[in-house]
Amino acid sequence: MKYLSSALCIILLTTTYCITPNTYFSNALCIDNISIIDPELGLIEHQTVIIKEGKILQVLSSGKVNLSSKNRIIDGKDKFLIPGLWDAHVHFAYIEEIAPRMFDLFLAYGITSVRDTGGEIHFTSAWKKKSLKNPTSSPRVMIAGPLLDGIPNVYDGSDHKHPPLSVGLATISDVRNKVNELDSMGVDFLKAYEMLTPNQFEEVMRLAKEKGLNVTGHIPLSMDVISASNAGLNSMEHMRNLELSCAKNSDELLAQRQEILALGKQDIGGILRSKIHALQRPLAIANYDPQRAQEVLDVLAKNETWQIPTLALTTGLTERPFASSKWQETFKYLPDNIELNWKKEIDILMTITPTPFNEKYTEWLTNMVGQVHRTGIEIMAGTDCPIFYLTPGRSLHEELEVLVKAGLTPLEALKTATTNPAKYFNLEKELGTVKETMWADLLILDENPLKDIRNTQKINAVIKQGHYLGRSDLDEMLENLARDK
Ligand SMILES: [Zn+2]
């Protein structure tokens, strides 16, 4: 009889129908019978995920495991499990008073990793260290340090819209010294900015390659997109200055810019840059050449120059979702003076009608995001929060919505906020999908985001490195922020 039953189990095992009775996983969290959304494969139903010591220990088909009631079990029936989300473009240093609230805001909205795209190095590095010290109660923080800019630098602290996020580098040796310093301080990538000269930009690229760091950036105004991409630029933020290279008269525009830059060495960086954008962006859009644009995009695809379009930042300019009470409701989680200022500024903004050019540029950029995607260039979802009334955490969901409007499927949009940023930092074996041995950075959703991307907002629980935060925990975090102004 004994022989018979073990033989039966062997037969059942080989046909993979052997249900282990009352399986117990000590010190583990078991999410039972949930639908996993793998950003590359799609929906996988009836899965049981075992989480232990911060990582995913096992992913099993729910029919193949019979969990003992002694386990800590979360019932995943009718729920959806996705990898924790990334916001790939944030600034801890843009409004320093908001920074102490950003960890809780990110986690409460399901953002388990962020990429800080520019700020004073000691400031951003302090937040990174804090996160490393408390990994279960903070998002992961990847930092670039300051924007590497030329002379005059744009973010120089000259007014509140241009806080000192950048360093102004005058020479090639300044570039060398700064990159070495940032590397020794542990930055995860570098960000090149608009006022760099071509020689300085190429030196950033050369040093970054030597050190194994990715470089993101705005295309320097003294260059065109193709030469920046050919120099090895890994990614572009906001698709900034792309339009200048997609125009019939792109060579002429470049020559004109170089002349203005040469004459503007004594100007204030922010003013000089705005002057060039105001002059050339409308000219470039009016002279948009689809064939030339496709040539540029083909180069970006070939060189794998990824895009972080921060599309909601631009569509916000014309669609103004921040004027709605639903949007402004999230302002209560910010310091009192910020809430007040933002509401005042929005009221003023609403009295000014967007120009026909604003509308045209938004339309152009939205179409271009679709085209970038169809050309096979990878995209990462980023928001630029807390710039332009974008509440940290909440804003990423807005970005996912506009990416879908621009032509990505909901699954493709999810990829831009999960597997892609993980790949960007060579972390794809640790983060970005729901697989065994990976960090347990996960979201449980009440509704299927593949049916409607807005369902990423229906967060039932957030798991950060194995630490479970249910809806009531998340609400409590938010209530504390609203109370402690
Ligand atoms: Zn930014």
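Predicted model, so just to flag it, every value in this text is computed and none were measured. (Residues numbered from 1 in each chain as written. Predicted model: local features only at pLDDT ≥ 70, side-chain atom pairs only at ≥ 80, totals over all residues. Heavy atoms only, no water.)

A. Structural context of the sheet that holds strand S8 (residues 85-90). Read from one edge of the open sheet, three strands run S8-S9-S10, paired in parallel fashion. Each end of this open sheet is capped by a strand with a single partner; those strands are S8 and strand S10 (140-143). Each strand of the sheet is rotated relative to its neighbour by a mean of 15 degrees, with strand direction disregarded. Judged from the four bridges that link them, strand S9 (residues 111-116) and S10 form a sheet pairing that is parallel. Residue arginine 115 lies in a different strand from S10, and its bridge partner there is methionine 142. Those strands touched by helix H3 (residues 121-133) are S9 and S10, and its axis lies near 155 degrees from that of S10. Against the sheet, helix H15 (residues 394-405) engages S8 and S9, with an angle of about 95 degrees to S8. (Pairing = 2+ DSSP bridges. Helix = DSSP H or I, 4+ residues; strand = E, 2+ residues; numbered from the N terminus. Axes fitted to C-alpha atoms, helices over the stretch in contact; angles between N-to-C directions. Contact = heavy atoms within 4.5 Å.)

B. Summary view of the coordination of the zinc ion. Around the zinc ion, the protein supplies His89 (NE2), His91 (NE2) and Asp384 (OD) as donor atoms, at distances of 2.0 to 2.2 Å. Every donor residue of the zinc ion comes from the same chain, spaced as H-x1-H-x292-D. With a gap of 295 residues between them, histidine 89 in strand S8 and aspartate 384 in the loop between helix H14 (356-374) and H15 connect regions that are remote in the sequence. Given the relative accessible area of 0%, histidine 89 is considered buried. (Donors = N, O, S within 2.8 Å, 3.2 Å for Na, K, Ca; no water. Buried < 20%, exposed > 50% of the residue type's maximum accessible area, 1.4 Å probe, protein only.)

C. Up close: the pattern of salt bridges. Considering all chains together, one arrives at 22 salt bridges under this definition. With a shortest N-O distance of 3.7 Å, aspartate 446 and lysine 79 are connected by a salt bridge. Taken together, the residues aspartate 446 in the loop between strand S17 (442-445) and strand S18 (459-464) and lysine 79 in the loop between strand S6 (72-75) and strand S7 (80-83) connect sequence positions 367 residues apart. In the salt-bridge network here, residues are joined through shared partners; they are Arg176, Glu203, Arg206 and Glu210. (Salt bridge = Lys/Arg side-chain N within 4 Å of Asp/Glu carboxyl O.)

D. Up close: the packing of helix H9 (residues 269-286) against H14. Where H9 meets H14, the axes come as close as 11 Å, and the angle between the chain directions of the two elements is 60 degrees. Taken together, H9 and H14 sit at an angle that is classed as oblique. By crossing handedness, the relation of H9 to H14 is classed as left-handed. Note on element contacts: H14 touches H9 through Phe357, Lys360, Tyr361 and Trp364, opposite Arg281, Pro282 and Ile285. Here the residues of the contact of H9 with H14 are counted per class, giving five nonpolar, no polar and two charged. (Parallel < 35°, antiparallel > 145°, perpendicular 65-115°, else oblique. Left-handed = near helix turned anticlockwise from the far one by under 90°. Nonpolar A, V, L, I, M, F, W, Y, C, P; charged D, E, K, R; others polar.)

E. Looking closely at the packing of helix H8 (residues 250-263) against H9. Between H8 and H9, the shortest axis-to-axis distance is 11 Å and the interhelical angle comes to 165 degrees. As summarised for this structure, H8 and H9 are arranged roughly antiparallel, according to the angle between their axes. When the axes of H8 and H9 are compared, the crossing they make is right-handed. Contact residues: H8 offers Leu253, Gln256, Arg257, Ile260 and Leu261, while H9 offers Leu272, Lys275, Ile276, Leu279, Gln280, Leu283 and Ala284. Here the contact of H8 with H9 is built from residues that sort into eight nonpolar, two polar and two charged.

F. Region of interest: the environment of methionine 380. Following the sequence through the fold, methionine 380 ends up in the loop between H14 and H15. The class for methionine 380 is buried, based on a relative accessible area of 0%. Each C-alpha atom, one on methionine 380 and one on alanine 88, is 6.4 Å from the other, the two residues being 292 residues apart in sequence. Ignoring any residue separated from it by four or fewer positions in sequence, one finds methionine 380 in contact with Ala88, Arg115, Trp306, Gln307, Ile308, Pro309, Thr416, Asn420, Pro421 and Tyr424.

G. View of the domain arrangement of the chain. If you check the domain split of the chain, you get domain 1 (20-78) and domain 2 (82-483). Placing the centre of domain 1 and that of domain 2 at their C-alpha centroids yields a distance of 34 Å. Contacts between the two partners involve 22 residues from domain 1 and, on the opposite side, 27 residues from domain 2. The contact between domain 1 and domain 2 buries some 2,000 Å² in all, and 68% of this surface belongs to carbon and sulfur atoms. Considering only the side of domain 1, the residues that lose the most area to domain 2 are Ile37, Pro39 and Ile56, jointly responsible for 34% of the buried surface there. Counting the contacts that link domain 1 with domain 2 gives one salt bridge. Glutamate 40 is paired through a salt bridge with lysine 423; the nearest N and O atoms lie 2.9 Å apart. Summed over the shared surface of domain 1 and domain 2, the result is five residue pairs in polar contact (both at pLDDT 80 or more). Residue assignment for the side of domain 1 that touches domain 2 shows that the elements contributing at least two residues are strand S2 (28-38), strand S3 (42-52), strand S4 (55-61) and S6. With six residues, S2 is the single largest residue contributor to the side of domain 1 that touches domain 2. (Domains from an automatic or database assignment. Buried area = accessible area lost by both parts, 1.4 Å probe. Polar contact = N/O pair within 3.5 Å; in protein donor to acceptor, adjacent residues only side chain to side chain.)

H. Structural detail: helix H5 (residues 198-211). Given a rise of 1.5 Å per residue, 14 residues ought to cover 20 Å, and the 20 Å separating the end C-alpha atoms of H5 matches this to within 8%. Taken together, the buried positions of H5 are occupied by Gln200, Phe201, Glu203, Val204, Met205, Leu207 and Ala208. Where the residues of H5 are buried, they touch strand S11 (147-149), helix H4 (172-184), strand S13 (189-192), strand S14 (214-217) and helix H6 (225-230). (Expected span 1.5 Å × (residues − 1).)

I. Structural context of the packing of aromatic side chains. Within this structure, the stated rule accounts for 19 aromatic pairs. Where phenylalanine 189 meets tyrosine 424, the ring centres are 6.5 Å apart and the plane angle is 85 degrees; that geometry is what we call edge-to-face. On the criterion of sequence distance, the pair formed by phenylalanine 189 in strand S13 and tyrosine 424 in helix H17 (residues 419-424) is long-range, its members being 235 residues apart. Ring geometry for tyrosine 361 against tryptophan 364: centres 5.9 Å apart, planes inclined by 20 degrees, an arrangement best described as stacked. Within this pair, tyrosine 361 and its partner tryptophan 364 are both found in helix H14, separated by three residues, close to a single helical turn. On the basis of relative accessibility, which here comes to 8%, the residue tryptophan 364 falls in the buried class. Through pairs of rings, three or more aromatic residues link up here, namely Trp86, Phe189, Trp306, Tyr424 and Phe425. Against the face of tyrosine 424 rests arginine 115, its NZ or CZ located 4.7 Å from the ring centre. (Phe/Tyr/Trp six-rings, centres within 6.5 Å; stacked < 30°, edge-to-face > 60°. Lys NZ or Arg CZ within 6 Å of the ring centre and 35° of its normal.)

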